[in-house]
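# Summary of the model geometry
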Amino acid sequence: MVVPSKPENNNAPNPVARRSTGPGVLSILYSVTKKVGTVAIVYLLGYYNISVAWLIGPVILSVVREEWKRSSDARRALAKAAAMSNEKEVIMARIDELPAWVYFPDVERAEWLNRVVRQLWPNANHYARDLLRSVIEPNIRNALAAFKLPGFKFDKMILGTIPFRVGGVKVYDHNVSRNEIIMDIDFFYAGDCDISFTLSGIPGGIKDFQLHGMLRVVMKPLIQTIPLVGGLQLFFLNNPTIDFNLVGAADVLDVPGVSDILRRIIVEQVAALMVLPNKLPITLSDVVPAQILKTPEPEGVLRVHVVEAKELMKMDIGMLGKGKSDPYALVTVGAQQFRTQIINNTVSPKWDYWCECEVYAPRAQTLLIRLFDKDDSKKDEKLGRASVEVSTVVKKGELDIWLTLEEAKHGMVHLRLSWHTLTEDRHALSLALAETQQLRVTSMSTAVLLVYIDSAKNLPDARPGRRPDPFATVGVGKDTQTTQIIYRTDSPVWEKGFTCLVKNPETDTFILKVTDQKTNHDIGRLEYHLAKLLTNENMELSDQPLLLQASGPISRVRLSLRLRILKRYDPEVDAPLPEVDDDVTDEASTSTSSKRGSTNALNKQFSRGDSVRSVGGQSVGGQSIGSANISIHPSKEMISTQTSVQEESVFSEQSSAPVESSANNTLLHRTPSATSSAGEAGLGRIQMTLRYSVPRQRLVVVIHKVANLPSKDPHNIPDPYVKLYLLPERSKESKRKTEVMKDNCNPVFDENFEYVISLGDINSRQLEVTVVTKKTWFSSQSPVMGQVILSLGDQDLVKGFTAWYDLLPEIERDS
């Protein structure tokens with residue numbers, strides 16, 4: 001049956017017609033008032049002879065603020081529109097840009113998972129509100145109090161109807177324990193949340209909150225009863241990207257430089273909650289002990305030496321224009337951050353700064369270093385940034401590298417990195433102590449202490465007749481960490497795990513203090529000498545109730561301790577670390593062949609007087625790099641090398657190199673050969689490594705060397721350097737160049753350059769590599785000595801390769 005439609009009511013008011021009749025009275029009055037006010041201000045400025053700068057200044061600030069806010073609103077609106085669209089359409093539209101590990105079945109899996117999320121989202125709203133109220137709110141309140149902004153409190157928390165989106169899913173099925181399931185999720189939230197808060201009595205709100213990052217979900221342990229999974233661990237591998245919009249009275253804070261305080265605190269709280277090494281544990285079964293999910297389990301420790309930087313941008317303004325800078329560096333791995341000292345009035349600072357980072361997912365985490373110019377009068381200015389994948393250090397054991405700074409016109413930073421695994425062998429302690437003594441750095445560690453605090457019982461009252469509000473503080477030496485506060489109880493249950501770096505377990509002491517939050521008085525204390533752990537079986541103390549000192553007569557704390565010794569990782573001697581999956585990281589075709597004693601390696605790596613040169617990520621002490629067994633291919637030669645101590649070798653599948661060893665078989669050498677050809681055009685040849693980093697979305701180019709450049713005049717040898725552009729735009733942003741080598745026809749550069757570019761865009765781009773000399777044979781001659789243009793879409797960049805290319809004459813281009 002067809003139901004007849006209702007007849008149209010011609011007398012009904014048409015809202016569209018009503019809106020089109022003209023502007024309202026209020027709109028006209030507002031426009032007239034605004035124009036009259038503008039004329040009045042200009043008239044008064046002229047009447048009282050007030051400088052026009054008082055008008056121009058606020059106008060410029062207002063325009064800048066409006067433009068900044070408009071761009072931010074447009075970016076958030078675009079993300080929200082994507083969040084509301086069909087999942088499969090969005091994913092398939094970006095299929096060329098997705099990482100190599102996202103296959104079509106994963107797209108289908110992501111679409112299915114998004115349907116499940118939509119169904120569960122109303123219930124997830126309740127859980128998120130409880131999390132914001134119980135965990136995030138007190139932490140933000142304490143952090144803002146340090147900036148004299150007290151009284152932070154959430155008033156309304158509505159996450160809206162738009163759930164988070166899953167962009168890609170990867171479930172690991174190789175080299176994973178049978179007792180767990182590991183899954184990586186491309187997590188993206190751009191919902192219609194409505195959160196209101198009060199700060200120092202001023203009402204405000206947060207809207208258009210957005211969060212994007214790689215979320216890892218670990219399901220463990222697997223059990224034989226429903227729900228078959230004992231619990232979950234949720235955490236971001238690296239700091240996610242966070243953006244939001246301030247509304248209400250707090251909108252006055254939404255100015256670049258001022259709102260950074262609130263934004264930085266929110267990012268820090270998210271990192272403290274669920275960015276490695278912090279994890280968000282969720283228990284699904286009561287039969288699973290909380291210790292299994294909440295005890296930290298680092299894979300190893302990354303030792304970082306920030307040596308120096310050079311050719312940084314000049315940011316300070318002096319009497320004669322641009323002066324120098326006051327640079328410092330921030331080193332970040334996950335939620336861990338370290339800061340170097342400030343070196344004043346220089347663009348080539350030498351920090352000699354050491355730090356150590358606990359690493360929980362070495363195949364997926366990234367070390368990020370950011371350089372800033374300290375400025376007391378305004379916000380610190382950026383001098384650039386660089387990053388290194390932890391997996392690169394893990395594969396080689398140690399890394400000595402100069403990194404070209406991104407987001408900067410020029411500048412490089414020098415890092416030395418080494419990877420240390422954890423061992424139960426107490427005999428390794430003597431080697432670790434000897435290593436730190438040779439480094440002559442007192443802050444370096446030799447062991448890691450894993451702590452799990454379960455609970456305390458029978459604590460005394462901090463105030464007469466009132467139960468305490470206890471929290472626990474743990475640490476070894478000066479580094480301390482705290483649990484959450486449990487209110488009004490003498491038997492708190494914390495169930496919290498910590499990791500403490502230990503300098504010398506033979507002499508250091510683990511200290512635990514229980515403090516009442518109201519009075520800030522200690523109501524219990526425990527000191528445990530770590531030398532006792534060295535004598536225990538497996539260097540462990542498992543789930544023991546220990547008597548608290550300076551407390552009640554029966555006050556006890558229940559905890560577990562595990563001590564592990566740091567051992568320098570040697571890829572030649574030690575078994576390789578278990579890989580989660582080769583697809584999730586960019587497996588560059590690199591390998592390290594070295595066999596070294598620990599003392600010799602230390603002397604070689606950390607000697608301050610060594611001449612160190614970076615070779616695609618590894619150092620070579622003052623030795624030039626030759627090439628090995630060469631096999632000819634059309635337009636290029638693929639090479640494979642065997643390296644000496646601390647030298648990187650880049651392999652191709654097409655060829656292999658014979659290895660010659662010394663009599664004691666401790667050093668490996670290349671076959672003593674370099675390319676003898678001057679190329680097809682007789683202009684020389686250039687050796688490069690190209691690869692694409694999928695997790696970091698970067699094209700990596702290593703300029704190794706140039707060989708057999710022509711020299712017509714023996715008294716006028718060229719001063720060559722290499723210049724790179726990413727075509728087709730040939731912009732200043734894509735320009736990179738090496739250092740100049742004086743009087744050299746066979747220069748060795750070994751410099752790394754990176755371009756931030758998606759995998760989908762790289763197929764349509766070309767790389768222009770030009771060899772240029774600082775001086776010419778004749779004044780009228782071009783300084784260009786040769787050029788190579790590579791179509792990146794034709795290269796196997798995800799796998800990576802090293803090749804020789806013939807230099808050809810420069811191609812004339814329209815300006």
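Preceding this paragraph is the structure being described.
Report follows, based on the coordinates. (Residues numbered from 1 in each chain as written. Predicted model: local features only at pLDDT ≥ 70, side-chain atom pairs only at ≥ 80, totals over all residues. Heavy atoms only, no water.)

### Let's talk about the layout of surface pockets
Looking at the second largest pocket, its volume works out to about 1,500 Å³. Around the second largest pocket, the lining comprises 44 residues; the ones closest to its centre are Trp121, Tyr127, Phe164, Phe187 and Leu234. Top element by residues in the lining of the second largest pocket is helix α5 (residues 104-145). It accounts for 15 residues. The residue inventory of the lining of the second largest pocket, partitioned by class, reads 42 nonpolar, one polar and one charged. (1 Å grid on protein atoms, 1.4 Å probe; cavity = no way out; pocket = protein on both sides within 12 Å on 5 of 7 lines; lining within 4 Å. Points joined across faces, edges and corners; volume = space filled by probe spheres on them. Helix = DSSP H or I, 4+ residues; strand = E, 2+ residues; numbered from the N terminus. Nonpolar A, V, L, I, M, F, W, Y, C, P; charged D, E, K, R; others polar.)

### Comments concerning the sheet that holds strand β24 (residues 522-529)
Within the open sheet, the four strands sit side by side as β21-β20-β23-β24. Their pairing is antiparallel. On the outer flanks of this sheet lie β21 (479-482) and β24, each paired with one strand and no other. For this sheet the average axis-to-axis angle between neighbouring strands, irrespective of direction, equals 20°. Bridge count between strand β23 (residues 509-516) and β24: seven bridges; the pairing is antiparallel. From the neighbouring strand, Thr509 faces β24, where its bridge partner is His529. (Pairing = 2+ DSSP bridges. Axes fitted to C-alpha atoms, helices over the stretch in contact; angles between N-to-C directions.)

### Observations concerning the sheet that holds strand β37 (residues 720-727)
To summarise the sheet geometry, strands pair through backbone hydrogen bonds and adopt either a parallel or an antiparallel arrangement. Reading across the sheet, the four strands line up as β38-β37-β40-β41 and stay open at both edges, with antiparallel pairing between neighbours. Edge strands, defined here as strands with exactly one partner in the open sheet, are β38 (736-737) and β41 (784-791). Alignment of β37 against β38, held across two bridges, turns out to be antiparallel. Across the sheet, the residue bridging to Leu724 is Arg736, located in β38.

### Some details on helix α9 (residues 428-439)
Compared with an ideal rise of 1.5 Å per residue, which puts twelve residues at 16 Å, α9 spans 17 Å between its outermost C-alpha atoms and is within 8% of the ideal. Ala428, Leu429, Ala432, Leu433, Glu435, Thr436 and Leu439 are the residues of α9 that are buried. The arc enclosing the buried residues of α9, seen along the axis, measures out at 160°, which places them on a common side. Structural note: α9 exposes Leu431 and Gln437 on the side pointing more than 90 degrees away from its buried face. Two residues or fewer after α9 comes Arg440, characterised by a positive phi angle close to 60°. (Expected span 1.5 Å × (residues − 1). Buried < 20%, exposed > 50% of the residue type's maximum accessible area, 1.4 Å probe, protein only. Arc of directions from axis to C-beta.)

### Considerations on the packing of aromatic side chains
In the structure shown here, the tally under the stated rule is eight aromatic pairs. Plain terms: the ring middles of Phe187 and Phe236 are 6.0 Å apart, the flat faces sit at 80° to each other, and that makes the pair edge-to-face. Placement of the pair is Phe187 in strand β3 (residues 181-190) and Phe236 in strand β6 (residues 231-236), with a sequence separation of 49 residues. What makes Phe187 buried here is its relative accessible area of 14%. (Phe/Tyr/Trp six-rings, centres within 6.5 Å; stacked < 30°, edge-to-face > 60°.)

### A look at unusual backbone geometry
Across the junction of Lys220 and Pro221, the peptide omega takes the value -15°, indicating a cis bond. Within the secondary structure, Pro221 is located in the loop between β5 (202-219) and β6. Following Leu727, the chain continues to Pro728 via a peptide bond in cis, the omega torsion being 20°. Positionally, Pro728 belongs in the loop between β37 and β38. A positive phi is found at Asn345, a non-glycine position, where the angle reads about 55°. Within the secondary structure, Asn345 sits in the loop between β13 (336-339) and β14 (350-359). We note that Met539 has phi near 55°; this positive angle belongs to a residue other than glycine.

### A few points about the nonpolar core
Counting 43 residues, the largest nonpolar core has Ile140, Phe154, Phe197, Ile206 and Phe209 as its most contacted members. In terms of residue count, α5 provides more of this core than any other element does, eight residues in total. Ignoring sequence-local partners within four residues, the contact set of Phe209 consists of Tyr189, Ala190, Gly191, Cys193, Ile242, Asp243, Phe244 and Ile266. (Core = buried A, V, L, I, M, F, W, Y, C linked by side-chain atoms within 4.5 Å. Contact = heavy atoms within 4.5 Å.)

### Comments concerning a nonpolar patch on the surface
A contiguous nonpolar surface patch, about 510 Å² in accessible area, is contributed by Tyr43, Leu44, Tyr47 and Tyr48. Following the sequence through the fold, Tyr48 ends up in the loop between α2 (25-47) and α3 (53-84). (Patch = residues over 30% accessible without salt bridge, like charges linked within 9 Å, V, L, I, M, F, W, Y side chains within 5 Å. Areas by Shrake-Rupley, 256 points an atom, 1.4 Å probe, with all protein chains shown as cover. Salt bridge = Lys/Arg side-chain N within 4 Å of Asp/Glu carboxyl O.)

### What to know about a positive patch on the surface
A cluster of basic side chains, namely Lys409, Lys732, Lys735, Lys737 and Lys774, defines a positive patch on the protein surface. Mapped onto the elements of the fold, Lys735 is located in the loop between β37 and β38. On the basis of relative accessibility, which here comes to 36%, the residue Lys735 falls in the partly exposed class. (Lys, Arg positive; Asp, Glu negative; His and termini not counted. Charge placed at Lys NZ, Arg CZ, Asp CG, Glu CD.)

### A look at the pattern of salt bridges
One pass over the full model with this rule turns up 23 salt bridges. Between Arg303 and Glu435 there is a salt bridge; the shortest N-O distance is 3.0 Å. A residue pair is termed long-range when its members are at least 10 positions apart, and Arg303 in strand β9 (residues 300-310) and Glu435 in helix α9 qualify at 132 residues. Residue Arg303 is classed as buried on the basis of its relative accessible area of 2%. Linked through salt bridges whose partners overlap, the residues forming this network are Arg303, Glu356, Glu398, Glu435 and Arg568.

### Quick word on the side chain of Asp719
Here Asp719 lies in the loop between β36 (698-707) and β37. Here Asp743 takes part through its backbone nitrogen, which lies 2.7 Å from a polar atom of the side chain of Asp719. (Polar contact = N/O pair within 3.5 Å; in protein donor to acceptor, adjacent residues only side chain to side chain.)

### Notes on the pairing of strand β12 (residues 327-333)
With respect to burial, β12 is a largely interior element, seven of its seven residues being buried. On β12, burial covers both faces: Pro327, Ala329, Val331 and Val333 on one face and Tyr328, Leu330 and Thr332 on the other are all buried. Taken together, the four bridges between β12 and β13 define a ladder with antiparallel strand orientation. Considered in β13, the bridge of Val331 is made with Phe338.

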